[in-house]
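Overview (structure and organization)
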Amino acid sequence: MAQDPEQLRIGTAEREEATQVLSEHFSAGRLTIAEYDERVGALVAAQTRAEVRTQFEDLPAPHPAFLAPPLPTMPPMSRHPERDPRPGAEMVTYSEKSKLVAGLLQLLLPFGVGRFYTGHTGVAVAQLFVTIVTLGMGAVWSFIDGIILLASGGVDGKGRRLRE
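**Side note on the overall build of the protein chain**
Broken down by element type, the protein chain carries seven helices and two strands. For the protein chain, the succession of helices and strands along the chain, N to C, is α-α-α-β-α-α-α-α-β. Each of the 164 residues in the protein chain was classed as buried or not, and the buried ones make up 29%.

**As for the packing of helix α4 (residues 99-108) against helix α7 (residues 139-152)**
Packing of α4 against α7 brings their axes to within 7 Å, and their N-to-C directions diverge by 160 degrees. Relative to α7, the element α4 is oriented roughly antiparallel. With respect to the hand of their crossing, α4 and α7 are arranged in left-handed fashion. Contacts from Lys99, Leu100, Ala102, Gly103, Leu104, Gln106 and Leu107 of α4 reach α7 at Ser142, Phe143, Asp145, Gly146, Ile147, Leu149, Leu150 and Ala151. Residues of the contact of α4 with α7, tallied by class, amount to nine nonpolar, four polar and two charged.

**Some thoughts on the environment of alanine 126**
Along the chain, alanine 126 turns up in helix α6 (residues 121-133). In the structure, alanine 126 is positioned twelve residues away from glycine 138 in sequence and 9.9 Å away in space, judged by C-alpha atoms.

**Considering the side chain of serine 98**
Position of serine 98 among the secondary structure elements: in strand β1 (residues 94-98). Ignoring any residue separated from it by four or fewer positions in sequence, one finds serine 98 in contact with Tyr117, Leu162, Arg163 and Glu164.

**A look at a nonpolar patch on the surface**
Together, Leu100, Leu104, Leu108, Leu109 and Phe111 make up an exposed nonpolar region whose accessible area comes to about 460 Å². Relative to the helices and strands, leucine 108 is located in helix α4.

**Brief notes about the side chain of arginine 39**
If you trace the backbone, arginine 39 turns up in helix α2 (residues 33-45). Excluding residues within four positions of it along the chain, arginine 39 makes contact with Leu22, Leu31, Gln55, Asp58 and Leu59.

**With respect to the pattern of salt bridges**
Under the counting rule described, the total for this entry stands at six salt bridges. A salt bridge links arginine 39 to aspartate 58, with the nearest nitrogen and oxygen atoms 2.8 Å apart. Taken together, the residues span a long stretch of sequence, with arginine 39 in helix α2 and aspartate 58 in the loop between α3 (49-53) and β1 at a distance of 19 residues. For aspartate 58, a relative accessible area of 53% gives the class exposed. For aspartate 145, the salt bridge identified is with arginine 115, shortest N-O distance 2.7 Å. Within this pair, whereas aspartate 145 is found in helix α7, its partner arginine 115 is found in helix α5 (residues 113-118), the two being separated by 30 residues in sequence. For the pair shown, aspartate 145 and arginine 115 are each scored as buried. Here the residues in one salt-bridge network are Glu96, Asp156 and Arg160, joined through shared partners.

Conventions used here
- Residues numbered from 1 in each chain as written.
- Predicted model: local features only at pLDDT ≥ 70, side-chain atom pairs only at ≥ 80, totals over all residues.
- Heavy atoms only, no water.
- Helix = DSSP H or I, 4+ residues; strand = E, 2+ residues; numbered from the N terminus.
- Buried < 20%, exposed > 50% of the residue type's maximum accessible area, 1.4 Å probe, protein only.
- Axes fitted to C-alpha atoms, helices over the stretch in contact; angles between N-to-C directions.
- Parallel < 35°, antiparallel > 145°, perpendicular 65-115°, else oblique.
- Left-handed = near helix turned anticlockwise from the far one by under 90°.
- Contact = heavy atoms within 4.5 Å.
- Nonpolar A, V, L, I, M, F, W, Y, C, P; charged D, E, K, R; others polar.
- Patch = residues over 30% accessible without salt bridge, like charges linked within 9 Å, V, L, I, M, F, W, Y side chains within 5 Å.
- Areas by Shrake-Rupley, 256 points an atom, 1.4 Å probe, with all protein chains shown as cover.
- Salt bridge = Lys/Arg side-chain N within 4 Å of Asp/Glu carboxyl O.

Read these as layout, nothing more, since geometry by itself doesn't imply function.
Okay, structure coming up:
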């Protein structure tokens with residue numbers, strides 16, 4: 001059973017804050033000396049938020065901070081696996097393919113196998129062709145491509161980012 005916030009008991013800190021705010025209203029000329037004394041006496045004797053609130057009902061802001069309505073609480077946001085963690089970034093769709101697997105395939109089998117894996121068949125066929133035509137010297141292209149895949153990732157054949 002939830003308790004009414006207005007019936008919550010206040011402590012010395014809340015009474016002191018309310019008295020301080022009331023003195024600001026007195027300094028601004030909104031209260032006479034008699035009204036100020038009466039309200040300070042009521043604040044010192046107050047036991048709940050409701051009793052404090054009655055002393056400020058006819059006064060403009062500022063009011064004691066503890067009388068402000070509570071801010072609405074939002075459920076904690078979970079990190080969405082498809083969302084780029086940078087603020088303001090757009091949705092990022094990830095591939096089911098891994099950049100680690102693609103990079104290792106390019107390094108260990110340097111004739112375009114990693115590019116076949118990611119779905120870039122055109123690049124893969126070109127790397128295979130260059131490696132065969134140059135009698136293995138063109139494997140440097142696949143090797144460097146594998147290092148780039150491991151270092152910075154890339155995209156699959158459908159333009160989706162490779163998973164970490």
